Every structure is written in C-alpha cells, then in structure tokens.
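# Coordinate inspection notes
Listed below, chain by chain, are the residues.
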Number of protein chains: 2
Amino acid sequence: MLLFSERLHVGVNKPVKKTKRATIEDVARKAGLSKTAVSFVFNGRSGVSAESQKRIMQAAEELGWRPDARARALSLSQTHVLGLVVKRDPSLLSTDPFFAGFVSGVQMGLAEHNYSLMLQVVSDTEAERLAYQQLVREAKVDGVFLTDLETEDFRPRLLTTLRIPIVVVGPPSHETENVAAVEMNDAAGVKRAVQHLAALGHKVIGHVSGNDKYVHTRSRRDAWIETLEELGLPQGPYISADFTGEGGARATHELLDLPNAPTAIVYGNDLMAIAGMFAAGDRGLSVPNDLSVIGFDDIPLAPYVTPRLTTVRQNAIEWGRCAALTLIALVENRPFPEFEMPPVEFIVRSSTGPAPHLPPAVTAPNHDR
Amino acid sequence: MLLFSERLHVGVNKPVKKTKRATIEDVARKAGLSKTAVSFVFNGRSGVSAESQKRIMQAAEELGWRPDARARALSLSQTHVLGLVVKRDPSLLSTDPFFAGFVSGVQMGLAEHNYSLMLQVVSDTEAERLAYQQLVREAKVDGVFLTDLETEDFRPRLLTTLRIPIVVVGPPSHETENVAAVEMNDAAGVKRAVQHLAALGHKVIGHVSGNDKYVHTRSRRDAWIETLEELGLPQGPYISADFTGEGGARATHELLDLPNAPTAIVYGNDLMAIAGMFAAGDRGLSVPNDLSVIGFDDIPLAPYVTPRLTTVRQNAIEWGRCAALTLIALVENRPFPEFEMPPVEFIVRSSTGPAPHLPPAVTAPNHDR
DNA sequence: TTGAAAGCGCTAACAG
DNA sequence: CTGTTAGCGCTTTCAA
C-alpha cells in the first residue's frame, strides 16, 4: 500500500518489531558451554575441543547468531571501521572518476580484513574539520584516509594531534613527510603526454590545470614544466582552472587568444579536455588538425567523444586497495604489506595529431636548438 | 622520510601511541558531579542546573571529551549508522552520476540527525547478500537503503526477515509494496522526452534502455511505450543495452540497421546517448539533422559534447536527502516527514531537431491519423 | 580444555 | 536537582 503523490511516494510506516537478538550467552547455553568457549571459537583461537567447536557452531547457526559489532567495539576498543571524508561540491563529485574507483578499491582492501568504510561527504573546510573531529573524538573509526591533499593542508597536523592512524593518498609532497602515504606517480602520466606531443612536432604545448590549491594539481603542472625543459622546449602557457567543464572551456579560449597560442594542450582532467575540444570547435578550430588535446583520467566516455580522447589512465582501484591495506596495517600496528602497483597508462586516441604546419597565431619565439 | 619506488611510496610506520581517552567518569570527577549529570547534559535532557551544566561543558572541553560512540551504541542498542550497499561493476560505478549525487544527498539528511553512513561496494549478488547479512546480523547499522531494485529482487524479503528498517529508493514497482519507499517519477522525464520528439515531427522514435533486470529500466521503457501510445504514434524499435558506452554504440547501430530505423532515439542514460551519437557519426549520419538523440542524467559533460546533449535531469541530491530522512524516521519509529521534491527537469540542447524530411531508411508504416 | 568474573564507557531506572 | 547502580554483549584474565 502506497501513498502516491506526483512528487514522492512513501510506503506504510510499519515499525519493525525489535525482536530480541540472540546473545553469546544464548549460544553458550544452547551448546552447553561457556561464553568464553564461544568467543574463542568465533575469534579463531585454540583451546576448544573439536567436539565443542562443532556444538558451538551449530548452536550459533540455529540461532542465527554473529558477534555483535557494537559490543566487540567496546570491548576491544576497536571499531574495525575506517573513515573517508570527501570535501567536494556535490555537483563536482559526480564528475570525479577517481572517487568511485578509489572507493571500490578501498572496499576490496577492507573486505580482505573484515573492515568497513564510513563515508562522509562535506562541502566546506569547516564541515570537514568537524567531520574529522567527530570521527576521532567519538571513536567512530580506527583510522582515516586523507585524499585530495591541499598545499598547507591542516589535516595531517590535526589528525596527528588527535592521535589516530592516517594514510595519505596522492602525489608526494612535503605535507606527506613523516606520515604514511600511498603515493602515486601521476607526474609520469603527464610526462608521457608531453613527450607524445613533442614527438608529433608540437613546439608550443599549453596546460590547463585544476584548482591550484591541490597538491596533485601542482604535481601535474610541475611534471609538464619539467618535461618541457628536458625536451628543450620553451615553457608553454598555462591557466589554472577548476576541473569543471565550464572552467576548461574558458581556459581553452584564453589560451587560444594568446599571441603564442599553443598547438597542443594537456589538461588536468578529461572533463576539461572535452570541454576544451568543444571550445576549440566553437572557434572553428579542428581537433586534432589545428589543436591537439590530451586529458587525464580516461573516463568511460573518453572513447566516445569526437574526436576520441587521448588521455592518461590511473588505476584508482589498485590505489584504493593499497591505501586500505596500508591503513589497516597501521591500525593493527603491523608492518606494511608489499605492493605491486600497475604503472600509469597513456592512451593514444584521435585527439592528438601532428603539429599544424602554420601555427594558428604569431610564431612563438624559438629559443636555442 | 619516505621510501621511494617507481610505483609506490610508503611513509614511515610510526605507530600511533594509544593514549588513554578521557571517559565520562573523568569529566564527572573534574566537574565535581556524577556521570548521570554529564550524560544528561550531553543528551540534551533537563534536570541539570545551569551552573552544573556550565561546569560540565567546561570540564569536557578541557579534556577534549565527547561521548564514545561505541559505548553509546552498546548501551542504546543503536549505532546511529545507516548502511548503503552498492552492487556495481567498479568500472561502471565511476560512470554513474546518480551514485555520487545520491550519496551527497544522503549525507545531508544524515548530518541533520547526526547519523553516519556505512558504504559497501560489492561486485556480485553473492557478495551483496553477504554484505547485508553482516551489516544486520552483526548490528553494524540501524537501517539500510535499497537502491537499483531489480525485478524479483531478493533484498526486500531478506531484510524484512532480518527485521531491519529499510527504505527503497527508485521508481514504484510491486517489489516496493509494504515497504517504505522514496519513489521518484523518472517516467515523467522520459515522457517529456518523447513528447518533445513528437512535437518535432518524429514518427519513429526508438529507445535504448539499460540492463533489463532493473526496475528503473522497465519503468523508463514503459513510459516510452505509453507516451507513444498516448500520442497515437506507432511503437518504435528498442534494444536493451547495459548502460555502457560500448553497449550504447552497438545498440544504436542495430537500431539504425533496422528497416524502420528511428529518426530519434531516447536513451536510458547519457553515456549511452553520447556513444550513440558517436556511432551515428561513424555511419555518416549527422545529429540532429539525420537523427535526434536524448539522454538521461545530465552528466556534467552533457553541455560539452558535440552536439550538446538534450537530456533529462533528476535531482539525485534531494532524492538522497529524502531517503535519509525517511529511513531515520523509520529507525526512530517516528512518523515520516513531509517532502517537497523538485520535479524532473527536461533540458533541451542541440542533439534534438526536426524530423528529417526523408527518412534514413524505408518509410515506416504510418498507422491511423 | 573449560568457566567465572571483571571490565570496556555509556545510558537510564530508581532512590534520595 | 543529584548520585548510585544495573545493565548493554562481548573479550580476556585467571583459576580450576
């Protein structure tokens, strides 16, 4: 039976009767043994005869009993829950291919050790600070993940003060010193991208980065700069945008308005890159004939836009799994496991091509060699 | 200090010293009052003098104390945690704009009542069943959300048996009978889409749906069929795909290979729609001149593909918030709150246009009027 | 190999 | 208004 309205349905409010849950006591009684025995069996400890063990398992089965996580948490001073706080504009979150993959990976890691994930989405720094404080002070979690590190991030200090295990996920930076960190080399991806463009003959290679406050934004930009230097190419122009389509389109226009407009642009993510191609099209430019474009993330849509997007792919899932296993090891005070991380992939599709013969604007000054 | 490798960094394993947490006892002693007084103050109950209240708050502040969630959970037989289990191929998850918005909305609702969210991502039905069982049998959550309902879904029954409050999120169906449900009318969006196409003169309107097992897939397809009927148009061809880009492209080719190929296609999501446009382009068809395309979701990229995608937008955030508030009410055995849900939006961009004069294939048989 | 009993930190009767 | 006390369901020490 449902109450129907144009906008929303709500079914009957049939209160769920709270039937008494079976307890360890019940299981022990049914098995004719003590609580201790039951506890030992369910925690895989020796000291219970095979016979008793069987009786206990059967009793538990019949009662549908499993140790109560709340009671365990209190008794062990350990929740077996890890926290992930994500600060992001809700509308942007849906955009973020990293997030979903990372969370999936985290789950895989957690599942291997029977941990659970508590997720919190917040929209500003104040809420974020509060979220961490609550998580820790109310002992809701045993450890937390730190993602999207910012320059001068307050979280490593805060959480160290709060005395809770953390693992930082992201590119290396001075913020991650003295802290467990699963660091991925997304710089390598950008490097491959720039090298690819240089090999195609591009001389002016621009960059549209994400929001400047993020460590990973800097890390990618630095990689772009360094690679250009290594190749003996002049540093191209760049604009720091905000990871949104609108920002990417605007930045692209600004770059193309420049006197030394780039013939190729490396973007901080796929969304900006695709919006950038759109912007280029708006100006009558053809990708990749007039402009080459490279994204970052390899979203599922990347092979289905026109032209198909050349991009960098990171294995967010593996990254998440490693982060989870590392944090669990830290929480349990065990040595870190060894990981074999797949390398960053560079995927060439159709949005990159040879540099145009005639630069779209004034010839850029060509330094040495 | 960091150990560096090409693939992965792991920082120092500096074990966090477990310093003794302050307890309610400590706070009471420091304030010169009893535990009861402290408990009352922190649970907003009357019966403590303003003077005592102040002393308690100050003592707690100085000790950095907050009630331990684990102890509260045990004492109250209530975790203040709600569970969300998502069964999805990890690679597909990152695609799903609904998921992120929904989770954000859920958080908003939870935050209003100091609840937390436990998230679990699983990849198959067996893992899913196990996840729910654990969540409930180990009392890790007070209630759970059910999303992506399938036809003949085992979950409503399972969870009812397990005696835990649930709220189903999705379009109405017989699976949601006798169960609290926040139901959204995504059929209305499809209806608007079909009407829009009919108004543009399209006679053969096709449909590419998502995986058939989902209730929302059926709901959208039924809306497409019914609207066509209402408009006196013949039922167009449809293919049920799988929400992926590849599936969408393949389905589009199949549809366009048909003798009565559609001049317009309504897709079950944006990803398939965009891949469909790509497929059309591959065959030398121009969108919207030869084929009109409508998506579903309004992903951030929708305005930045060529042509800009006409689509349906649901307010996943509000949906999530409502679901959360409903579930909390259910858990606390309170009457359901009233909601004012924003209506589904239909967003016209450039991927839809007048029906072509000459159908791309054989003329479709034109029934009555 | 088994069991009794003392916590874990909080809430909530109940008595003062 | 304030304090005492008995749980909540489990783990774990210690003695049998």
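Every value quoted in this text rests on a predicted model; they were computed, and no experiment measured them.

To continue, consider the packing of helix α9 (residues 186-199) of chain A against helix α10 (residues 215-230) of chain A. All names here are of chain A. Where α9 meets α10, the closest approach of the two axes is 8 Å, and the angle between their N-to-C directions is 40°. For the element pair α9 / α10, the angle class is oblique. For the pair α9 and α10, the sense of crossing is right-handed. In this structure, α9 contributes Asp 186, Ala 187, Val 190, Lys 191, Val 194 and Gln 195 to the contact, and α10 contributes His 216, Ser 219, Arg 220, Ala 223, Trp 224, Thr 227, Leu 228 and Glu 230.

This next bit is on the protein's contact with DNA strand D. If you check the shell around DNA strand D, you find 25 residues, and the closest are Ile24(A), Trp65(A), Arg72(A), Ser75(A) and Thr36(B). In the interface set of DNA strand D, defined as its atoms within 4 Å of the protein, sugar plus phosphate atoms amount to 60%. The backbone of Ile24(A) places a nitrogen or oxygen atom 2.3 Å from a phosphate oxygen of DNA strand D. Separating a phosphate oxygen of DNA strand D from a backbone N or O atom of Ser34(B) is a distance of 2.9 Å. Residue assignment for the surface near DNA strand D shows that the elements contributing at least two residues are α2 (35-42) and α4 (69-76) of chain A together with α4 (69-76) of chain B. Classifying every residue of the surface near DNA strand D gives nine nonpolar, 11 polar and five charged.

Our focus in this paragraph is the protein's contact with DNA strand C. If you check the shell around DNA strand C, you find 23 residues, and the closest are Thr36(A), Ser52(A), Ile24(B), Trp65(B) and Ser75(B). A share of 65% is what sugar and phosphate atoms reach among the atoms of DNA strand C within 4 Å of the protein. Residue Ser34(A) places a main-chain N or O atom 2.8 Å away from a phosphate oxygen belonging to DNA strand C. At 2.9 Å from a phosphate oxygen of DNA strand C is found a side-chain nitrogen or oxygen belonging to Arg45(B). Those elements that place two or more of their residues in the surface near DNA strand C are α4 of chain A together with α2 (35-42) and α4 of chain B. Looking at which element gives the most residues to the surface near DNA strand C, the answer is α4(B), with four residues.

Cut-off values and rules
- Residues numbered from 1 in each chain as written.
- Chains lettered and ligands numbered in written order.
- Predicted model: local features only at pLDDT ≥ 70, side-chain atom pairs only at ≥ 80, totals over all residues.
- Heavy atoms only, no water.
- Axes fitted to C-alpha atoms, helices over the stretch in contact; angles between N-to-C directions.
- Helix = DSSP H or I, 4+ residues; strand = E, 2+ residues; numbered from the N terminus.
- Parallel < 35°, antiparallel > 145°, perpendicular 65-115°, else oblique.
- Left-handed = near helix turned anticlockwise from the far one by under 90°.
- Contact = heavy atoms within 4.5 Å.
- Near = heavy atom within 4 Å.
- Polar contact = N/O pair within 3.5 Å; in protein donor to acceptor, adjacent residues only side chain to side chain.
- Nonpolar A, V, L, I, M, F, W, Y, C, P; charged D, E, K, R; others polar.

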